[in-house]
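In case you want the letters, here they are:
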Amino acid sequence: MDIRNTSALISGGVSGLGEAVARALVARGARVVAIDLDARKGEALAAELGGAMQFQRADVCSEAEVGAAVARAAALAPLRICVNCAGVAVPPGRTVGKGPEPYPLERFRKAVEVNLVGTFNVARLAATEMARQAPYDESGSRGVIINTASIAAFDGQTGQIAYAAAKAGVAGMTLPLARDLSSIGVRACTVAPGLFDTPMLRQPGMSAELIAQATAALTADNVHPVRAGRPEEFAALVVHVVENDMLNGETLRLDAGARLRANPNRR
């Protein structure tokens, strides 16, 4: 796919991985609509990138809000690209904690609602708009959906039950999504990153020392390089998936060869 003169919808597109994807696609000639809940960051990024990027506040779980963002992207240029980066990290906890107390159901539900249901909501609405576009090649290709899972989908650690389940759902729907969308010429892939240096890593109240300790612990199982990934490295893989029409139905680990241990506190 030629990225030039296309439009792209990016959820979670104003910080971290999504921001890096927005910058990379704009640099390659796409028109981008980034959706997020943080209007301050969204408007600042749109002002920095100029007319090539527009921000729209939207909850990924809202059909009406996402639908409006899809229509806005389609009005700029043919909608060919959808990248789902929106997600939340809920507080960790064992299924049965001390007390004993069960893991809070609402916390589990929130992880699934945003990370899995929200991803599917954006993907289905974007793909529906892509189906209305004329094909861009002789194979009948119309676009690509790229979702974001996590290596926690495969190596979920102690206390990660909610996040791992939600991200496993994203990985699990990749192949059937690609098969479903094959009839309209839309590809679907998922990127499953390891630890990346994003705002999710730097929680409020954490000192620089605590962030460094957490990063060292969470990257200790990397094969090479032993460091957190950079958002632009995630964006580079997304760009490659967009441009390589033979990538379809795959979940691609981007994790420096890491395989997470069961207990993150056991060295």
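Residues numbered from 1 in each chain as written. Predicted model: local features only at pLDDT ≥ 70, side-chain atom pairs only at ≥ 80, totals over all residues. Heavy atoms only, no water.

1. A word on unusual backbone geometry
In the segment running from Gly 99 into Pro 100, the intervening peptide bond is cis, with an omega of -5 degrees. Each neighbour pair has its own omega, and for His 224 with Pro 225 the value is 0 degrees, a cis peptide bond. Relative to the assigned elements, Pro 225 resides in the loop between helix H8 (208-218) and helix H9 (231-243). One non-glycine residue, Ala 256, lies in positive phi territory at about 55 degrees. With respect to the secondary-structure elements, Ala 256 resides in the segment after strand E9 (251-254). The exposure class of Ala 256 is partly exposed, given its relative accessible area of 25%. (Helix = DSSP H or I, 4+ residues; strand = E, 2+ residues; numbered from the N terminus. Buried < 20%, exposed > 50% of the residue type's maximum accessible area, 1.4 Å probe, protein only.)

2. Let's talk about the packing of aromatic side chains
Under the defined criterion, the tally for this structure stands at one aromatic pair. Summarising the aromatic geometry, the rings of Phe 196 and Phe 234 are spaced 6.4 Å apart at their centres and angled 80 degrees between planes, so their arrangement reads as edge-to-face. A residue pair is termed long-range when its members are at least 10 positions apart, and Phe 196 in the loop between strand E8 (186-193) and H8 and Phe 234 in helix H9 qualify at 38 residues. Classification of Phe 234 as buried rests on a relative accessible area of 0%. Lying over the aromatic face of Tyr 103, Arg 107 brings its terminal NZ or CZ to 5.4 Å of the ring centre. (Phe/Tyr/Trp six-rings, centres within 6.5 Å; stacked < 30°, edge-to-face > 60°. Lys NZ or Arg CZ within 6 Å of the ring centre and 35° of its normal.)

3. Points about the nonpolar core
In this structure, Val 21, Leu 25, Val 32, Met 53 and Ile 81 are the most contacted members of the largest nonpolar core, which totals 37 residues. Setting aside anything within four residues of it in sequence, one finds Ile 81 in contact with Met 1, Ile 3, Thr 6, Ser 7, Ala 8, Leu 9, Leu 25, Met 130, Val 144 and Val 242. Counting 25 residues, the second largest nonpolar core, distinct from the first, contains Ala 58, Val 66, Val 70 and Ala 86. (Core = buried A, V, L, I, M, F, W, Y, C linked by side-chain atoms within 4.5 Å. Contact = heavy atoms within 4.5 Å.)

4. Quick look at the sheet that holds E8
Hydrogen bonding along the main chain pairs the strands of a sheet, whether they run parallel or antiparallel. Taken in spatial order, the seven strands make up an open sheet running E3-E2-E1-E4-E7-E8-E9, and their pairing is parallel. Looking along the sheet, the strands with just one partner apiece sit at the ends: strand E3 (53-57) and E9. Neighbour-to-neighbour, the strand axes of this sheet turn through a mean angle of 20 degrees, independent of strand direction. Direction of pairing for strand E2 (residues 31-36) relative to E3: parallel, over a ladder of five bridges. (Pairing = 2+ DSSP bridges. Axes fitted to C-alpha atoms, helices over the stretch in contact; angles between N-to-C directions.)

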